Amino acid sequence: MKTIEQAAGENRADPVWRAAASGLAGDASVQLASARQSDLVRVQQAIRSELLKLRVLTQRLAMTNTLTSGYNANNPSQTIADIERMIRSIQGDAQTPTWSSVTTTVNPNGRVVTVSSRTGNLPTLAAIKQQISRLEGEIASRKDQLSKLASDRQMALTEAEKKFSESEKIKGQTSVALFTEGTELRRKSEEIGMQMDLVQEQLNRLESDLAVARGQQEAANAAIKQLQDQIANLQAAWKASQDTIARQKSVAETAFKGEEPISMSIETVVTEIAKQLVLVESLRTKVLEDWEQAAKFYKQAAESARIVGTDKRVTAPAPGSKPYKDLKESVHTSRFNLPLAGVQRAIGTVSAEKAALSLEIERVSADLKKELSAANLAVPSDLPSITMDEIRSALNAAEEDLNESNNILINVNSGDTPQPLVSLSKQSRLITLYRLIALESLKQRFNTETDSNLLNELNNQADALKQEMLAAGISFPPLPGGFVVHSKSTSTSPTTPPETMDVESPDPVRTPGGGFGS
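Residues numbered from 1 in each chain as written. Predicted model: local features only at pLDDT ≥ 70, side-chain atom pairs only at ≥ 80, totals over all residues. Heavy atoms only, no water.

The subject of this paragraph is the overall build of the protein chain. The secondary structure content of the protein chain amounts to 13 helices and four strands. Going through the 518 residues of the protein chain one by one, you find that 52% of them count as buried. Restricting the contact set of the protein chain to residue pairs at least 6 apart, pairs at least 24 apart contribute 78%. (Helix = DSSP H or I, 4+ residues; strand = E, 2+ residues; numbered from the N terminus. Buried < 20%, exposed > 50% of the residue type's maximum accessible area, 1.4 Å probe, protein only. Contact = heavy atoms within 4.5 Å.)

Okay, structure coming up:
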């Protein structure tokens, strides 16, 4: 890596060499960012796993708080019937794909008169099992696809390096021709790499969805166990309602401390989340540094390529000097601006994911505080406290970088950019637009400061680009979903892209010219 950086910074070198070296340095920086980003994604998924546990514990606490108030009615028979109905709802069938925790309302005569949702909907066990089976099948298919693509890409890279090596050993037009062949092979490997990274992104999304589904299965099973225990408690409490109330308070304290029969506690889960947040901040900082380093090298490469493009032998070649025309295409500014746009998209995605994760933590913390207060339990001292100013800052940073990616890709489409790069830039821009759409949807969904017309404008741009690509015969890339956060609200705008995961992983997408995008 150090050798490549030194070559990229050699100002006395030929601009063709500087462009190639800077492009390689950008690739190397992206490789570092990608490796670290895998760790970042893993830790973020670990935090979400802990948040899922905290939601389960909060829901148990909410059930206890709700049922405790119901016990005060002194006659639990209606409540027992409601709980039994809830158990059947959790187990599910074709008519009940979701279930909700129970809230009871008591009239002045002490009778339960209504049952309604308190903490939102979760899929039934029947639906979860179907989802897990489907996801496991899709994950296996993506892994097979990645293995095949990796083999194809390695073959192309090996052949490209052979051409570059042969090019260095000779001079003249033959050397340029070999260099061009090597560049084409590298472009082919990078196209395969782009497919690999998009498949990897799908795999990460599927694995994240599978982790959530398994967590939901655990939540449903735990809820059934909890409700069955509540039925037994209600039956025993018929003659001693005050003792039952005391036992329910004990259940809440047990969930807080993690004593038997509950294997996890609010205290330990909160502590683990706090520890993982320290790690995720450190990893995020390092990942962003690597992405910024990659952006710096791609900008250097684009500048050197611009100098090559002003050479008279390239701009106005004499008859018979076709190699100079080929050189102009092989070392073109767009070959480096295209991966630069991808890097800017990756940087923006990291910030968007930070905002989405912060929003999820804020929502879970707020629900937990509410239920702890209702149970007269203290809030853990290390429960994360995230301000809306911090979230807005991350959203604004994401918007700035994603807009920069979009602007770069618009410019790549203009001028004398080689046609293959124009097609790829349109595919890449469509992904960027969907990232912007997801970001704007996230901002609107959580009532941050937004432009009410921007989401429609972004959707219109994406639709127009799709029509343009269809007319030109350019295939659509796999499009990312939204930056999704679990919350009580499940409504979405009809203009938002499909929300199929918690938060997307910004794994890089290879693009021609020796670079990556997100």
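Alright, that's what it looks like, and here's the rest.
The next thing to look at is the nonpolar core. Ile47, Leu51, Leu54, Ile266, Trp291, Val343 and Leu368 are the most contacted members of the largest nonpolar core, which has 48 residues in total. Secondary structure elements with two or more residues in this core: α2 (15-71), α5 (173-237), α7 (266-310), α10 (333-374), α11 (388-412) and α12 (419-445). Membership of the second largest hydrophobic core comes to 27 residues, among which are Leu125, Leu206, Leu210 and Ala223. (Core = buried A, V, L, I, M, F, W, Y, C linked by side-chain atoms within 4.5 Å.)

Here we come to the packing of aromatic side chains. Each aromatic ring pair is characterised by the separation of its centres together with the angle its planes make. A full pass over the atoms with the stated rule returns zero aromatic pairs. The positively charged end of Lys296 is found above the aromatic ring belonging to Phe297, 4.8 Å away from the centroid. (Phe/Tyr/Trp six-rings, centres within 6.5 Å; stacked < 30°, edge-to-face > 60°. Lys NZ or Arg CZ within 6 Å of the ring centre and 35° of its normal.)

Axis separation between α12 and helix α13 (residues 454-472) bottoms out at 9 Å; the angle between their running directions is 160°. Relative to α13, α12 is oriented roughly antiparallel. Judged by the sense of rotation from one axis to the other, the crossing of α12 with α13 is left-handed. Residues Lys426, Gln427, Arg429, Leu430, Leu433, Tyr434, Leu436, Ile437, Glu440, Ser441 and Gln444 of α12 touch α13, and the partners they reach there are Leu454, Leu455, Leu458, Asn459, Gln461, Ala462, Leu465, Lys466, Glu468 and Met469. In terms of residue class, the contact of α12 with α13 is built from eleven nonpolar, five polar and five charged. (Axes fitted to C-alpha atoms, helices over the stretch in contact; angles between N-to-C directions. Parallel < 35°, antiparallel > 145°, perpendicular 65-115°, else oblique. Left-handed = near helix turned anticlockwise from the far one by under 90°. Nonpolar A, V, L, I, M, F, W, Y, C, P; charged D, E, K, R; others polar.)

This next bit is on the environment of Met194. Among the secondary structure elements, Met194 is positioned in helix α5. Residues Met194 and Leu149, spaced 45 residues apart in sequence, show a C-alpha to C-alpha distance of 10.0 Å.

Where α10 meets α12, the closest approach of the two axes is 11 Å, and the angle between their N-to-C directions is 15°. As judged from the angle between their axes, α10 and α12 are roughly parallel. For the element pair α10 and α12, the recorded crossing hand is left-handed. Within the contact between the two elements, α10 uses Ser334, Arg335, Leu338, Arg345, Thr349, Ala352, Ala356 and Leu359 and α12 uses Leu421, Leu424, Ser425, Ser428, Ile431, Thr432, Arg435, Leu439 and Leu442. Along the lines of polarity and charge, the residues of the contact of α10 with α12 split into nine nonpolar, five polar and three charged.

So, about the environment of Ala20. Within the fold, Ala20 resides in helix α2. Its relative accessible area of 25% is what places Ala20 among the partly exposed residues. With 278 residues separating them in the primary sequence, Ala20 and Tyr298 have C-alpha atoms 9.8 Å apart.

Here we take up the pattern of salt bridges. Tallied over the full model, the rule gives 22 salt bridges. Here Glu201 and Arg435 are joined by a salt bridge, their closest N and O atoms 2.6 Å apart. Of this pair, Glu201 sits in helix α5 while Arg435 sits in helix α12, placing them 234 residues apart in sequence. The residues Glu201 and Arg435 share a single accessibility class, namely buried. For the salt bridge of Lys426 with Glu468, the shortest nitrogen-to-oxygen distance reads 2.7 Å. In this pair, Lys426 sits in helix α12 while Glu468 sits in helix α13, placing the two residues 42 residues apart along the sequence. (Salt bridge = Lys/Arg side-chain N within 4 Å of Asp/Glu carboxyl O.)

Take the environment of Leu436 next. With respect to the helices, strands and loops of the structure, Leu436 is situated in helix α12. Placed 37 residues apart in sequence, Leu436 and Glu399 show a C-alpha to C-alpha distance of 7.0 Å. Ignoring sequence-local partners within four residues, the contact set of Leu436 consists of Glu399, Leu402, Asn403, Asn406 and Leu458.

Another point: α11. Over its 25 residues, α11 runs 36 Å from end to end, which matches the ideal 36 Å to within 8%, given 1.5 Å per residue. Turning to α11, its buried residues number three or more, namely Ile391, Ala394, Leu395, Ala398, Glu399, Asp401, Leu402, Ser405, Asn406, Ile408, Leu409 and Val412. Looking at the buried positions of α11, the neighbouring elements they touch are α10, α12 and α13. (Expected span 1.5 Å × (residues − 1).)

On to unusual backbone geometry, then. In the Ramachandran plot, Asn376 falls in the positive-phi region, its phi being about 60° despite a non-glycine side chain. Mapping Asn376 onto the fold places it in the loop between α10 and α11. Given a relative accessible area of 65%, Asn376 falls into the exposed group.

Mean pLDDT over the protein chain stands at 77; residues scoring 70 or higher make up 74%. Per-element confidence in the protein chain ranges from a low mean pLDDT of 31 for strand β4 (residues 515-517) to a high of 92 for α11. Long-range and interchain partners of residues 106-119, a stretch whose pLDDT sits below 50, account for 33 contacts in this model, where long-range means more than four residues apart. For residues 487-518, every residue scores under 50 in pLDDT, and the model assigns this stretch 140 contacts once sequence neighbours within four places are set aside. (pLDDT = per-residue confidence, 0-100.)

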